[in-house]
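Tertiary structure, described
Listed here are the chains, written in short residue letters.
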Amino acid sequence: MRYNTIRVAVVLIVLFVALFFLFYPMNPSNTGLFANIPLGLDIKGGSLLEYTFSGNVTPDTANQVVTILRRRLDDANYTEANVSTIGNNGIRVEIPGIDNPQQAESLIGQRGELYFAQVLDTVQSTVKPAPKIGLQYAGAEWLLSKDPSVPPNTWYLVNRNIQVGAGTLQLNGSEVSNASAAMNTSSGGWEIDLSFNAKGAQDFYQITQALVGKPLAIVLDNYVLSAPIVQQAIQGGRAQITGNFTYQQAQELAALIRSGNLPVTLNLTEEQTIGPTLGADVVRTSIIVGLIGMAIVLAYMLAYYGPLMGMVADLALVYNAFFVLGMLALTHGILTLPGMAGIILTIGTTVDGNVIIFERIKEEMRTGKTSKAAITAGFSRSTAVILDANITTLIVAFVLYYLGTGSIKGFAVTLTVGIIGTIFTSLVFSRVLMDFLAPHIKNKYLPASNAGQAQSVQPDSAKGLNSNKDKKGGNQR
Amino acid sequence: MRKMINFVGPRYIFIGISLAAIALSIVFILVKGFNFGVDFAGGTMITASFNKPDLSVSEVRDIFSKADPAFTNASIVKLMSMTSKGTTTQKSLFDLTVKQFYNASARAKLNADVQNVAKSHGLTVNFESFETVSGYAAAGLRQSAIWASIIVVILLLIYIAIRYRFVFGIGALASLAHDLIITAGLFSMFWITFDSTAIAALLTLLGYSLNDTVVVYSRIRENLKKMHGHPIDEIVNVSINETLSRTINTSLTTFIVVFTLFLFAGSVLRPFSFGMSFGVITGTYSSIYIASPILIGWLERRRKSLAKR
């Protein structure tokens, strides 16, 4: 009985914890019945993008890229975006709530390599002009303009080694200490304000001094953002990129410059975008399916095991359902569509646990034990089987978790939680209920007059069928 | 006493049936192959919705292939129609699959072109979901699926070998291979999309089938001690019968839930629920007719060699 008191306490505590994390409003802005369970992209909609690296990949590259992209996405207001590494050679970006990832893709896919360059020539052409021959053109290249204020198809011949006095200077994004979008007071469009660090400010002053009256190109990812004519030498380490940008463009470019340039080029290998409507639709069907399946199983168990044991099995199912949902809320396990399938599967495993126990109890009753003794023996003899049976599935769940991708991981999570819940529900929760109900459960295999006494009879011999094959425990002892 | 069903008597018949089913499955897998999902084969799958409930597949093909000739050979499936959130407008839904990979700009162009063509037909179209996988990423996914399967099988065998005798490990392996090959064969036969959720189903099914097998095995082990002196085939048959109502109840309830999922859940969970539904059936069958009966020979030989000593 003492053990049973402990069991009752544990069952109640676990239930309380599960319900608390499931229903207590953790996040006041996020209401709804199961608001505490984070939903995967396939349910709430959003984009998943996967990239591999090309270029000079070092063991640290993936982490660098993640840091830079997090900053970029945060800066551009994708605050819910999640960036993670895939091994050493790739990254995965998940952005919930967007249904057209093009903007995010252009933000992620760019290297963000910014530099200032001297302009040697300007040409309008629909194709890239031929390289110019001559000593003064060494190291120069033709780049297309992205500045909407100059005619389309304008090409600039630029050289990043800027002639300053007798030598050359280079100035690139790493000397930029800050970049922000700002309103251009004269034209009304948006521009990007840059501030340089001490060295950058010094270099910028020298460069502008050398280029007074000449254009200075600002190059981002091999496009000329703008190429203004330098009016005078600029001191104080500040510069503007005016290009008649929209607010969003200016903000994203500023984010790109601020986050620094990526050490490698990213190649998109996979994209999955799910609109929020589709996800909601599938969730609705899955919940209905789960409820229908559960209702059928509840009815089946009641019909097969009768009102008392059937009710225990049904309560176990409901208890485990709350356990799984509560643990998902507690561990912030993300619920994906395959994850919902995992929860629905849990119905099967919970039933299995109870069926193993009930069948064993029935068998123990046939050997002539009292209900109480049969229940105790039934539980203790089915413990090993229940553990064995569930550990095998647990092994599968662990492997799927470590080797699966996003949504499959979600399945592994709910499967794992479901199995742990099944083991607990079967061995502890059902035990509490069965012990409690023991006086009301009749051993129908005992003659009525002997009910309540431990028997060592051969209850099956009366029928005489297959008596040579009747090897119940009672005969053996 | 409950009536005993003789499962082990006609075991050679059932082993024969299973071998035939396995052979048939292998033929299907080798000849017809799998309908790989875009995550394994590379390519693009679009779920597109149109603002007209009774649109046909050929009209959709017409619209998409005018926008992009790659869709002339697309596989197009009409899904259940959908009501968009907060409205009563019925939309028709289609899954379109092509072998091409679309990067950001190609995707934007496709979207714009399809919109234009649809507009000229008086329709509006929306990409409800868009999944595109390059050959490189697909190869990676295939590889991790293969690794996952190998690791699962090895770990399960190690577990069985630790908990039971080696012979049981062999029996379990045989029934696992049986379930895996037949279910994979069904995927090929019915041309169900074979994607990562299908792999998840197959591996979960391994766990389940082993679960069924383990329950019977632990009973055989128990009865080997309890029924000392009885013929092995009788012990095995008694054990199967004793666990039969458990096997049937468990399998039936699991089957009910996964089959409801298969019937009503959308295309995303279809490969998974298909694999699980038929997997539960083969898993139950194999744990009754295959996993235990094939132990009989081994156990008899073992008992004889013990008796000689």
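Reading guide: rules and limits
Residues numbered from 1 in each chain as written. Chains lettered and ligands numbered in written order. Predicted model: local features only at pLDDT ≥ 70, side-chain atom pairs only at ≥ 80, totals over all residues. Heavy atoms only, no water. Contact = heavy atoms within 4.5 Å. Salt bridge = Lys/Arg side-chain N within 4 Å of Asp/Glu carboxyl O. Polar contact = N/O pair within 3.5 Å; in protein donor to acceptor, adjacent residues only side chain to side chain. Helix = DSSP H or I, 4+ residues; strand = E, 2+ residues; numbered from the N terminus. Nonpolar A, V, L, I, M, F, W, Y, C, P; charged D, E, K, R; others polar. Pairing = 2+ DSSP bridges. Axes fitted to C-alpha atoms, helices over the stretch in contact; angles between N-to-C directions. Domains from an automatic or database assignment. Buried area = accessible area lost by both parts, 1.4 Å probe.

1. Quick notes on the interface of chain B and chain A
Counting from both sides, the interface comprises 75 residues of chain B and, opposite them, 75 residues of chain A. The interface formed by chain B and chain A contains five salt bridges. On the surface where chain B and chain A come into contact, there are 14 residue pairs in polar contact (both at pLDDT 80 or more). For the side of chain B that touches chain A, the secondary-structure elements that each account for two or more residues are β3 (75-83), α4 (104-120), β5 (125-133), α5 (135-163), α7 (196-226), α8 (232-242), α9 (244-264) and α10 (270-290) of chain B. Along the lines of polarity and charge, the residues of the side of chain B that touches chain A split into 40 nonpolar, 22 polar and 13 charged. Where strand β15 (residues 265-274) of chain A meets β5(B), five bridges bridge the pair, whose relative direction is antiparallel. Residue pairing for β5(B): A:E270 is matched across the bridge by B:V133.

2. Section: the sheet that holds strand β11 (residues 190-196) of chain A
All names here are of chain A. Strand order in the open sheet formed by three strands is β10-β11-β14, with antiparallel pairing between adjacent strands. At either end of the open sheet lies a strand with only one pairing partner, and these are β10 (176-183) and β14 (238-245). Going across the sheet, the axis of each strand differs from the next one's by a mean of 20°, ignoring polarity. The sheet contact formed by β10 and β11 spans seven bridges and is antiparallel. Pairing of A182 across the sheet is with E191, part of β11.

3. Thoughts on the domain arrangement of chain B
Residues and elements named next belong to chain B. The domain boundaries assigned to chain B delineate domain 1 (11-38 + 136-308) and domain 2 (43-133). Its C-alpha centre places domain 1 at a distance of 40 Å from the equivalent point of domain 2. Taken together, the contact between domain 1 and domain 2 spans five residues of the former and nine residues of the latter. Across the domain 1/domain 2 interface, buried area totals approximately 470 Å², and carbon plus sulfur atoms make up 73% of it. Considered class by class, the residues forming the side of domain 1 that touches domain 2 number four nonpolar, one polar and no charged.

4. Topic: the domain arrangement of chain A
Residues and elements named next belong to chain A. Split by domain assignment, chain A resolves into domain 1 (2-25 + 278-450), domain 2 (46-107) and domain 3 (113-258). The C-alpha-based centres of domain 2 and domain 3 are spaced at 27 Å. Every contact between the two is made by eight residues of domain 2 and, on the other side, six residues of domain 3. Taken together, both faces of the contact between domain 2 and domain 3 bury some 660 Å²; the carbon and sulfur share is 46%.

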